[in-house]
Amino acid sequence: MDDASAAIFRPTWQQALGRGLFLGSIANAGLWLLVAVLSWADLAVPSGPGWVFVAVGPAVAGALIGLAARGRTGTQISSGGIRTRSVFADGLATWDDVADMRAERRGARTVVSVYLNSGASVRLRAPYSGELFAADPKFEGKMFALSHLWRSHRFGGLPG
C-alpha cells in the first residue's frame with residue numbers, strides 16, 4: 001500500500017506533546033505515590049537534586065516520547081484502503097470493507113470512526129480534535145479530505 005498518492009494524517013505536534021505530557025504525568029503520579037509509600041515505611045527516599053527528577057522527569061520524558069512517537073502514529077489513505085498506524089499495532093481496512101465514515105464525539109474529542117461491512121467500527125488515530133493540547137484547527141479540512149477520498153473510492157472518481 002505504498003502509493004505515491006497516499007494521504008497521511010498524523011497527530012499535530014501539540015497533540016503528540018499533550019498526549020506525552022498526559023501519560024508522563026500519570027507516571028509522575030505513580031512515582032510520587034511510590035515515594036510517599038517509601039517515606040511512610042521509613043525506607044530510603046531520594047533527597048537533594050534527585051527530587052528535581054522525581055518532580056518533573058517523567059512528565060518531560062513522556063513529552064519527548066510523545067513527540068518521538070508522532071511519526072509512527074496516524075492514518076494512511078491510499079488506493080488500497082485505510083491503514084491505521086500506532087506504536088503498538090497496525091490495521092488495514094480495504095475500501096470494499098468500509099461501509100461508512102463519520103466524525104463522532106467520544107468524551108471531549110471529535111474523532112473519525114470508520115464502520116466496516118462486518119459491523120465492527122474502527123476509530124482512526126488521526127485526525128482528531130479536542131480541548132487544549134488536543135485541538136486541531138484543521139480538523140474539518142482533514143475530515144472533508146477523508147470523506148472525499150472514501151466517497152471517491154466507494155462510488156468511483158479516482159483511478160484505482
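The text that follows walks through the structure, step by step, so that each part is easy to find.

Calculation criteria
Residues numbered from 1 in each chain as written. Predicted model: local features only at pLDDT ≥ 70, side-chain atom pairs only at ≥ 80, totals over all residues. Heavy atoms only, no water. Core = buried A, V, L, I, M, F, W, Y, C linked by side-chain atoms within 4.5 Å. Buried < 20%, exposed > 50% of the residue type's maximum accessible area, 1.4 Å probe, protein only. Helix = DSSP H or I, 4+ residues; strand = E, 2+ residues; numbered from the N terminus. Contact = heavy atoms within 4.5 Å. 1 Å grid on protein atoms, 1.4 Å probe; cavity = no way out; pocket = protein on both sides within 12 Å on 5 of 7 lines; lining within 4 Å. Points joined across faces, edges and corners; volume = space filled by probe spheres on them. Nonpolar A, V, L, I, M, F, W, Y, C, P; charged D, E, K, R; others polar.

### A look at the nonpolar core
Working step 1: Formed by 17 residues in total, the largest nonpolar core has its most connected members in Ile 77, Ile 82, Val 98, Met 101, Val 112, Val 114 and Leu 146.
Working step 2: With five residues, helix 3 (residues 139-155) is the largest single contributor of residues to this core.

### Observations concerning the side chain of Asp 136
Working step 1: Its place among the elements puts Asp 136 in the loop between strand 7 (121-129) and helix 3.
Working step 2: If we skip the residues at most four places from it in the chain, Asp 136 touches Thr 12, Gln 15, Pro 127, Tyr 128, Ser 129 and Lys 142.

### What about the layout of surface pockets?
Working step 1: Taken as a whole, the largest pocket encloses approximately 620 Å³ of empty space.
Working step 2: What lines the largest pocket is a set of 21 residues, and nearest its centre among them are Arg 19, Leu 23, Thr 73, Ser 86 and Arg 125.
Working step 3: Elements with a contribution of two residues or more to the lining of the largest pocket: helix 1 (13-40), helix 2 (50-69), strand 6 (109-116) and strand 7.
Working step 4: Ranked by residues supplied to the lining of the largest pocket, first place goes to helix 1 with five residues.
Working step 5: When its residues are assigned to classes, the lining of the largest pocket shows 10 nonpolar, six polar and five charged.
Working step 6: Considering only enclosed or pocket space, the second largest pocket measures out at about 170 Å³ in volume.
Working step 7: It is helix 1 that provides the largest number of residues to the lining of the second largest pocket, a total of four residues.
Working step 8: Partitioned by chemical class, the residues of the lining of the second largest pocket number four nonpolar, two polar and three charged.

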